[in-house]
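# Per-entry structural report
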Amino acid sequence: MTAVCDVIVAGHICFDVIPRLFGSGEDFFRAFKPGKLVDIGEPAVSTGGPVSNTGIGLLKLGVRTGLMGKVGTDFFGKAILDRLREMGLERSMTVVEGEHTSYTLAITPPGTDRIFLHSRGTNNTFGCEDVNFDAVAAARVFHFGYPPLMKRIYEHGAAELTRIFRRAKEVGVTTSLDMALPDPSSPAGREDWDAALRRTLPFVDLYLPSGEETLFMLDRPTFTRRRAEAGHADVLDTLHIEDLQTVADRALAYGAKVVVLKCGHLGMYLRTAPRAALAGFGACPPADLGNWAGRELWEPAFHVEDVASATGSGDSAIAGFLAAYVRGLSLEECLKYGCAVGAFNVMAFDAVSGIRSWEETTAAIRRGWPKNPVPLVERAAGWRRDATTVTWHGPRDGRA
Ligand SMILES: Nc1ncnc2c1ncn2[C@@H]1O[C@H](COP(=O)(O)OP(=O)(O)OP(=O)(O)O)[C@@H](O)[C@H]1O
Ligand SMILES: [Mg+2]
């Protein structure tokens, strides 16, 4: 890699195949039986996973971006590299013989929840040696996505993840991490994620997982209870603000400096460490540390009338947040860009085509885009909504 990048995105990458299905979900599953031939339409094919989604999102937002993922020499691996090369994004990808590229078959019958058939392939063997630390040293932010979907990264208490983040901090870059929700009964789900985060978060500046996966990792009893309360409904609508406060505090206590818990249609909950704990951001510190210290905010999601698909909303929101962060914007603005790019994402069926340019995103935010209600803070004591910014300030917000 020669050109200097603002952001390097490393970790999970795959090839997505999404056949167009006809009729209702019920029709589809009636026909989807052994011995049947099911007539399907044209496929949507694309690169997927955070390396691709967050990477392409950042590029669309005008950020100099580099990618580090691992693919095989098979057809899907070549297709991924071709797509990335077309966009000028194929910089430090590892290509390995004798392993198959990770891919996903998305079964998306109209009107029914989708089923992903996912093969982990090369993501399972990605490790520290697949990260080019010379390139990381020359970048400003290093972002890693989806440890729970990468065997070598999560096994043995995610020791390889800790190793990667320790080295990244040693070379002086600012670090950022996103998670994924593992199936609780799978090997990834049975890892001790609390211990893994206790060891890794001292080397993570920006911790950007979802609220649900953070409850899963740092407060399993509450996660299990809220899931049971939700039944078939969205677990986000059963959460109490105290649930998120508890796990965000834990992530800060473990060493993360900034914790953003993505919460879908509700938006994002943010907590930051006190000023004394904010040293050591490395190559890309916040422009005004005072603005970033000791904060507690809830940024409501922008309202989207017709949600096409939530695929990639988390990756896109991170692209928006980081694109604002590397430009030195305030904490409040980084959250707004995160929510705006996440909202643009859900307007489109796929993971990246909804994302607009930096200028269009800025214009949409400035136009006064309506926000979704956030019942869990509206009914909580000590929260105050800023009438101008429409951001909620928590009882522990240093600036409230
Ligand atoms: N239905 C929605 N309407 C408006 N904005 C949304 C919606 N869903 C997501 N967003 C925006 O995108 C952000 C990130 O999405 P989300 O919280 O779903 O990420 P995530 O949990 O990491 O999801 P995933 O990993 O499944 O993509 C949210 O904080 C919100 O601002
Ligand atoms: Mg996510």
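In the block above lies the structure referred to throughout.
Our subject in this report is the structure included herewith. (Residues numbered from 1 in each chain as written. Chains lettered and ligands numbered in written order. Predicted model: local features only at pLDDT ≥ 70, side-chain atom pairs only at ≥ 80, totals over all residues. Heavy atoms only, no water.)

### Thoughts on the pairing of strand E2 (residues 14-19)
Note the cut-off: Burial status follows relative accessibility: with a 1.4 Å probe on protein chains alone, a residue under 20% of its type maximum counts as buried, one over 50% as exposed, and anything between as partly exposed. Starting at the N terminus, helices and strands are each numbered in turn, a helix being any DSSP run of H or I of at least four residues and a strand any DSSP run of E of at least two. Pairing between strands is defined by DSSP: at least two bridges between the two strands are required.
Along E2, six of the six residues are buried, which leaves the element largely enclosed by surrounding structure. Side chains Cys14, Asp16 and Ile18 project from E2 onto one buried face, and the interleaved Phe15, Val17 and Pro19 project onto a second face that is buried too. Relative to strand E3 (residues 43-48), E2 runs antiparallel, the two being bridged by six bridges. Pairing of proline 19 across the sheet is with proline 43, part of E3. Alignment of E2 against strand E7 (residues 103-107), held across three bridges, turns out to be parallel. When the sheet's bridge partners are listed, phenylalanine 15 is paired in E7 with tyrosine 103.

### Here's the deal with helix H14 (residues 358-366)
Applied cut-off: Regarding the arc, it is the one traced by the directions from the helix axis to the C-beta atoms.
Listing the buried residues of H14 in full gives Trp358, Thr361, Thr362, Ala364 and Ile365. Seen along its axis, H14 keeps its buried residues to an arc of 160 degrees; they face one direction. Projecting away from the buried face of H14 at angles above 90 degrees are the exposed residues Glu359 and Arg366. Just beyond H14, the residue with positive phi is glycine 368, at close to 85 degrees.

### Topic: the sheet that holds E7
The line we're drawing: Lines are fitted to the C-alpha atoms to define the axes, a helix being fitted only along its stretch in contact, and any angle between axes, read from their N-to-C directions, falls within 0 to 180 degrees. Whether two residues touch is decided by their heavy atoms; if any such pair falls within 4.5 Å, the residues are in contact.
Pairing is mixed across the open sheet formed by four strands, whose spatial order is E3-E2-E7-E8. The open sheet has two edge strands with one neighbour each: E3 and strand E8 (115-119). For this sheet the average axis-to-axis angle between neighbouring strands, irrespective of direction, equals 20 degrees. Where helix H3 (residues 75-86) meets the sheet, it contacts E2, E3 and E7, and its direction lies at approximately 100 degrees from that of E2.

### Structural notes on the site of ligand 1
Selection rule: By convention in this text, a residue qualifies as near a molecule or strand provided that one of its non-hydrogen atoms is within 4 Å of it. Here a polar contact is recorded for every N or O atom pair within 3.5 Å, except that within protein the pair must consist of a potential hydrogen donor and a potential acceptor, and residues adjacent in sequence are included only if both atoms are side-chain atoms. Calculation of accessible area relied on Shrake-Rupley with a 1.4 Å probe; when residues are assessed, cover is drawn exclusively from the protein chains displayed. Amino acids outside the nonpolar list (Ala, Val, Leu, Ile, Met, Phe, Trp, Tyr, Cys, Pro) and the charged list (Asp, Glu, Lys, Arg) are all regarded as polar, and Gly is one of them.
Neighbouring residues of ligand 1: 20 residues in total, closest Lys262, Gly264, Gly267, Ser313 and Gly314. Taking cysteine 263, its main chain carries an N or O atom lying 3.4 Å from an oxygen atom of ligand 1. Serine 313 is positioned such that a nitrogen or oxygen atom in its side chain is 3.1 Å from an oxygen atom of ligand 1. Considered on its own, ligand 1 offers 620 Å² of accessible surface; in the complex 82% of this is hidden by protein. Elements supplying a minimum of two residues to the shell around ligand 1: helix H12 (313-326) and helix H13 (331-346). The element best represented in the shell around ligand 1 is H13, accounting for four residues. When the residues that make up the shell around ligand 1 are grouped by side-chain class, the tally is eleven nonpolar, eight polar and one charged.

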